[in-house]
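Secondary and tertiary structure notes
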There are 2 protein chains.
Amino acid sequence: KKFTAGAVSTKTTDLENKIFRQKTGKKFSQYKKEVEAIYQPDIFQEEPEEPLSKPEIYLKPEEEIINPWQLHQSYIFVQVEDGLLIIDQHAAHERIIYEKILHRIHGAPAQTQKLLFPIVIELPSYMTQTIPDLISENLDIFSKIGFSLKTFSGNSIVIDEIPAELSDWNGGDVFIEILKQLEEEFKETEDFRDSIAKSVSCKAAIKAGKRMTRKEMLALINDLFACEVPYFCPHGRPLIIKMTMTEFEKRFKRIE
Amino acid sequence: KKFTAGAVSTKTTDLENKIFRQKTGKKFSQYKKEVEAIYQPDIFQEEPEEPLSKPEIYLKPEEEIINPWQLHQSYIFVQVEDGLLIIDQHAAHERIIYEKILHRIHGAPAQTQKLLFPIVIELPSYMTQTIPDLISENLDIFSKIGFSLKTFSGNSIVIDEIPAELSDWNGGDVFIEILKQLEEEFKETEDFRDSIAKSVSCKAAIKAGKRMTRKEMLALINDLFACEVPYFCPHGRPLIIKMTMTEFEKRFKRIE
């Protein structure tokens, strides 16, 4: 079956270029040619039912501001020209970080944070041999993503630099969480790069239940629509629901 | 079939009492016994599919404010404990004014505005005999609603006072609009009181496409849930849609 990602245009938009250049100093279209295609092996078994085009954010002249709204600190509502988009904030952030990590694996510079003190992590005994092997075989990829790791004899790992996105580092607990998920993902796909991108993005993404400011919501929306596949989380679940004004009128029985 | 109005409790709530007392100086429960039941003859052919209970507005301790949101200046979104209410602003305001007018017909005092100069309205020739007859037979009801009318020979009417709700009086054009709709409604129900209440509420209600402030939205929501039948407009169309968090989770495929 044909691979298609929500009928996303392959033409690079101005917004994409702008955002990309801010981050990498390169033109997005050039960069695109240099790297392999962004891939998520398990998400598209078939074409989505209804291809979506990227929406124009609705901005009437008399409205100075786009005014997003957050429901139960989990979903972002934003008005578009012919209706409403509802965005799953956690899944959207996962998608953004997932693509960022794949870009890094293909050469985009990582944004990192240096730890004040290097931390030694002892791998729990219940982790099978897969994880230590995956780590030592892929130290270069960890480094591209933004993790500066050294392995020691036994099951010890020293970390002194982590990706900037991992704001909730929590003494290294989140690294164990990432490795746990990596093991699960890798079992399914046997694709290390995709598995580590999924694991890190899941653990680094903003949680459902987190209040966001207007500025944070707008940044998330901008980053999301700069993604190549903005409509699905890395595991293929929808992350945007669109409701048109016509749908509302039907549900309120204003029209048949 | 049994008449039921969205399983609205017949017990008077504190909110209802408070709002009602502010407006009339009476206890709502006393008042209720004095007047006939609020009625809208044509809306309930059968029981609604799923009885709704009045929602608790969701106010977590850490949230100082209820934060309603307006989509396309037509629908009001408000968070409730287990999800979201979407309210059709025009239909909601119609319902509020409709019940207010029926209360007035049964004796509640009208809020009126005196016109600076009395206005003489000439009934258009295309209006059949029904309208002039309905007016002269029901001058007392017009007066209870808040219209101070005098009829003259021929088809002239003098108006010097109108209900406070008719903010967009526009030199009397809206009165002709009301009479047009009255004629249509009366043709269907042959019930003058219900027809005039429907016509005035339709023309006095806030339009779709009108931007509302937070304060206006909160006032509308409060007034709506003080209504006896908050879920349907006077013509029986739904005016509130509820979406639960579980529905969202299903649509985003977070749960099966």
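Report follows, based on the coordinates.

What counts as what
Residues numbered from 1 in each chain as written. Chains lettered and ligands numbered in written order. Predicted model: local features only at pLDDT ≥ 70, side-chain atom pairs only at ≥ 80, totals over all residues. Heavy atoms only, no water. Least-squares fit on C-alpha atoms with pLDDT ≥ 70 in both. Contact = heavy atoms within 4.5 Å. Pairing = 2+ DSSP bridges. Helix = DSSP H or I, 4+ residues; strand = E, 2+ residues; numbered from the N terminus. Axes fitted to C-alpha atoms, helices over the stretch in contact; angles between N-to-C directions. Buried area = accessible area lost by both parts, 1.4 Å probe. Salt bridge = Lys/Arg side-chain N within 4 Å of Asp/Glu carboxyl O. Polar contact = N/O pair within 3.5 Å; in protein donor to acceptor, adjacent residues only side chain to side chain. Nonpolar A, V, L, I, M, F, W, Y, C, P; charged D, E, K, R; others polar. Buried < 20%, exposed > 50% of the residue type's maximum accessible area, 1.4 Å probe, protein only. Phe/Tyr/Trp six-rings, centres within 6.5 Å; stacked < 30°, edge-to-face > 60°.

Side note on the relation of the copies chain A and chain B
Overlaying chain A on chain B yields an RMSD of 0.0 Å, the required transformation being a rotation through 180 degrees with an accompanying axial translation of 0.0 Å. When the rotation and shift are considered jointly, the pair of chain copies conforms to a two-fold rotation axis. Relative to the rotation axis, the closest C-alpha in chain A is found at W69 of chain A, a distance of 3.5 Å. Interface residue correspondence from chain A to chain B reaches 100%, placing this contact among same-surface, isologous pairings.

Points about the sheet that holds strand β4 (residues 112-122) of chain B
Residues and elements named next belong to chain B. Read across the sheet, three strands follow the order β4-β6-β5 without closing on themselves; strand pairing throughout is antiparallel. A single partner strand is all that each edge strand has here, and the edge strands are β4 and β5 (148-151). Adjacent strand axes in the sheet meet at a mean angle of 10 degrees, parallel and antiparallel pairs treated alike. Bridge analysis of β4 against strand β6 (residues 156-163) gives seven bridges, and the strand direction is antiparallel.

Description of the interface of chain A and chain B
With 38 residues of chain A at the interface, the matching set in chain B holds 38 residues. Taking both sides of the interface into account, the surface hidden between chain A and chain B amounts to around 3,200 Å²; carbon and sulfur atoms contribute 62%. Sorting the residues of chain A by area buried against chain B places W69, H72 and F252 of chain A first, and these three jointly supply 25% of that buried surface. There are two salt bridges connecting chain A and chain B. For the salt bridge of R254 of chain B with D88 of chain A, the shortest nitrogen-to-oxygen distance reads 2.7 Å. Viewed at the interface, chain B and chain A are joined by ten residue pairs in polar contact (both at pLDDT 80 or more). Elements with a contribution of two residues or more to the side of chain A that touches chain B: β1 (69-71), β2 (75-80), β3 (83-88), β7 (240-244) and α9 (245-251) of chain A. Partitioning the side of chain A that touches chain B into residue classes produces 20 nonpolar, seven polar and eleven charged.

Here we look at the pattern of salt bridges
One pass over the structure, following the stated rule, counts 16 salt bridges over all chains. Measuring nitrogen to oxygen at the nearest pair gives 3.0 Å for the salt bridge that ties K242 of chain B to D82 of chain B. Pair noted here: K242 of chain B is in strand β7 (residues 240-244) and D82 of chain B is in the loop between β2 (75-80) and β3 (83-88), with a separation of 160 residues, a long-range link. Exposure remark for K242 of chain B: the relative accessible area of 29% places this residue in the partly exposed category. Among the residues examined, D82 of chain B registers a relative accessible area of 38% and is labelled partly exposed. Notably, a salt bridge pairs R104 of chain B with E165 of chain B, separated by 2.7 Å at the nearest N-O pair. Separated by 61 residues along the polypeptide, R104 of chain B in helix α3 (residues 89-105) and E165 of chain B in the loop between β6 and α6 (173-189) bring together distant segments of the chain. For the pair formed by R104 of chain B and E165 of chain B, the shared burial category is buried. Within the structure, one salt-bridge network assembled from shared partners comprises K100, R104 and E165 of chain A.

A few points about the sheet that holds β7 of chain B
Residues and elements named next belong to chain B. If you walk across this open sheet you meet the four strands as β1-β2-β3-β7, and the pairing is antiparallel. Strands with a single pairing partner mark the edges of an open sheet, and in this sheet they are β1 (69-71) and β7. Strand-to-strand twist of the sheet, defined as the mean angle between neighbouring strand axes without regard to direction, takes the value 25 degrees. Here three bridges tie β1 to β2, and the two strands are oriented antiparallel to one another. Bridge pairing in β2 places W69 opposite F77.

Things to note about the packing of aromatic side chains
In this description, a pair of aromatic rings is defined by centroid distance and the angle of the planes. What the rule picks out here adds up to 24 aromatic pairs over all chains. Geometrically, the ring pair formed by W169 of chain B and F175 of chain B is tilted, given 6.4 Å between the ring centres and 50 degrees between the ring planes. F175 of chain B shares its class with W169 of chain B; the two are buried. Among the aromatic residues, those joined into a ring-pair cluster are W69, Y75, F77, F248 and F252 of chain A together with W69, Y75, F77, F248 and F252 of chain B.

Any functional reading would require information beyond the geometric quantities listed.
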